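Observations on the model geometry
This is what each chain is made of:
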Amino acid sequence: MNLFTDVPGVLVGHHERVGGGWASGTTVVLVPEGAVGAVDQRGGAPGTRETNLLEPENLVQRVNAVCLSGGSAYGLAAADGVMRWLGERSMGFPVGQQPHEVVPIVPAAVLFDLPRGEWGNRPDASFGYAACEAAASGEFALGTVGAGAGAAVGSLKGGIGSASERVGEFVVGALAAVNASGEAVDLRTGRAFAADHEVDGEFGVRWPDRPGEVTPAPTDLNTTIGVVAVDAALSKAEARRLAVAAQDGLARAVRPAHTMFDGDTVFALATGARPLPVVSGPFADASRAGALDQLCSAAARVFARAMVRGLLAATSAGGLKAYREVWPEAFGG
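None of the values given here were measured: they were computed from a predicted structure.

Structural notes on the overall build of the chain
Each helix and strand counted, the chain has 5 helices and 15 strands in total. For a compact globule of 333 residues, the expected C-alpha radius of gyration is about 20 Å, and the chain comes in at 19 Å, within 12% of that figure. Taken along the three principal axes of its C-alpha coordinates, the chain extends 60 × 45 × 35 Å. Per-residue burial for the chain yields a buried fraction of 56% across its 333 residues. Within the chain, counting contacts between residues at least 6 apart in sequence, those at least 24 apart form 79% of the total. With an accessible surface of roughly 12,900 Å², the chain has 51% of that area assigned to carbon and sulfur atoms. Between the mean site of the 26 positive side-chain charges and the mean site of the 35 negative ones, the chain shows a separation of 2 Å.

This is the structure in structure tokens:
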């Protein structure tokens, strides 16, 4: 389906409020069987929770969920609801003798969307819980939903985007909440910077060739957040290489990227369903590195594609014009 959930073992759920003074929401990635987790954070304004435990030298190896939310640092509260949902189902790191004695492992990151609605209208624990309830293994919505409800990318409305790619027997998927300080589009032509990454006409547009009538976003405070996943068995250090590569995809899609006003954060999940193919003998390490490198190359591509799809799927909200409103002819309008 060209979605993040094409990676077996991952689920995605959204909860948002748009209108009536609201333009914010939360997106949750659930991994019911757990997954090796990692993170790569760039830019000067991050908002994160439980990212230190993802360092390779630290104890916990697997995470139960990743929470992406609007609301800036206030939105980190959404992860409390994710923990409660998981705890009620005895899903987490065991710390006692009884099945329910667990601590759910839920790394989280937030984006800045506070000016989009009325002050004080931002995600809390109920958003995280509701997003877990909404999680599904199949198709999920893109655009002005979940953590993308109040997102902005440069002068345009941002949103949730996703893409996937098969690499041999593996599937690499990306989920992006597109909310960058930089532009994702050449405003002189209406062409997305990562348009050349399109696969099989997935973007569904005919790129225009004229300037768009847009005004700068009301703030330079932004941050793109997302997750890249693969059904390979990776270590935490190897999974981090996947997150590092995905940030390259972000930089292909947005100009400039990783500014002092962005806290760009990408998580990586490796479900471990399949081992990396390696050859035996003295070249085993190089063989494994080569297989990992193919997955990393795919991670950059799918994250760039997810960025474009999030831009194109967004609808106007919070005083921001969507791409489809500025260049309707790209969609045949």
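Examining the pairing of strand β4 (residues 62-69)
With 7 of 8 residues buried, β4 is to be regarded as a mostly interior element. With 7 bridges connecting them, strand β2 (residues 22-41) and β4 associate as antiparallel partners. Within the sheet, the bridge partner assigned to V29 lies in β4 and is V66.

Criteria and cut-off values
- Numbers given for residues are sequential positions, taken from 1 along each chain in its written order.
- Local features in this predicted model are restricted to residues of pLDDT 70 or higher, and side-chain atom pairs are both shown and tallied only at a pLDDT of 80 or more, whereas totals for entire chains, interfaces and linings draw on every residue.
- With hydrogens and water stripped out, all remaining heavy atoms of the structure feed into the side-chain values.
- Think of it this way: any DSSP run of H or I at least four residues long counts as a helix, any run of E at least two long counts as a strand, and we number them from the N terminus.
- Every radius of gyration here is taken over C-alpha atoms, with the globule rule written as 2.2 Å times N^0.38, N being the number of residues.
- The classification of residues rests on relative accessible area computed with a 1.4 Å probe and restricted to protein chains. Under 20% of the type maximum is buried, over 50% is exposed, and intermediate values are partly exposed.
- Should any heavy atoms of two residues lie within 4.5 Å, those residues are considered in contact.
- All accessible areas in this document rest on Shrake-Rupley with a 1.4 Å probe, and a residue is counted as covered only by the protein chains that are shown.
- Within this scheme the basic residues Lys and Arg register as positive and the acidic residues Asp and Glu register as negative, but His and the chain ends are omitted.
- To locate a charge, the coordinates of NZ of Lys, CZ of Arg, CG of Asp or CD of Glu are taken.
- Strands qualify as paired when DSSP identifies two bridges or more between them.

Bear in mind that shape data such as this cannot, by itself, settle questions of function.
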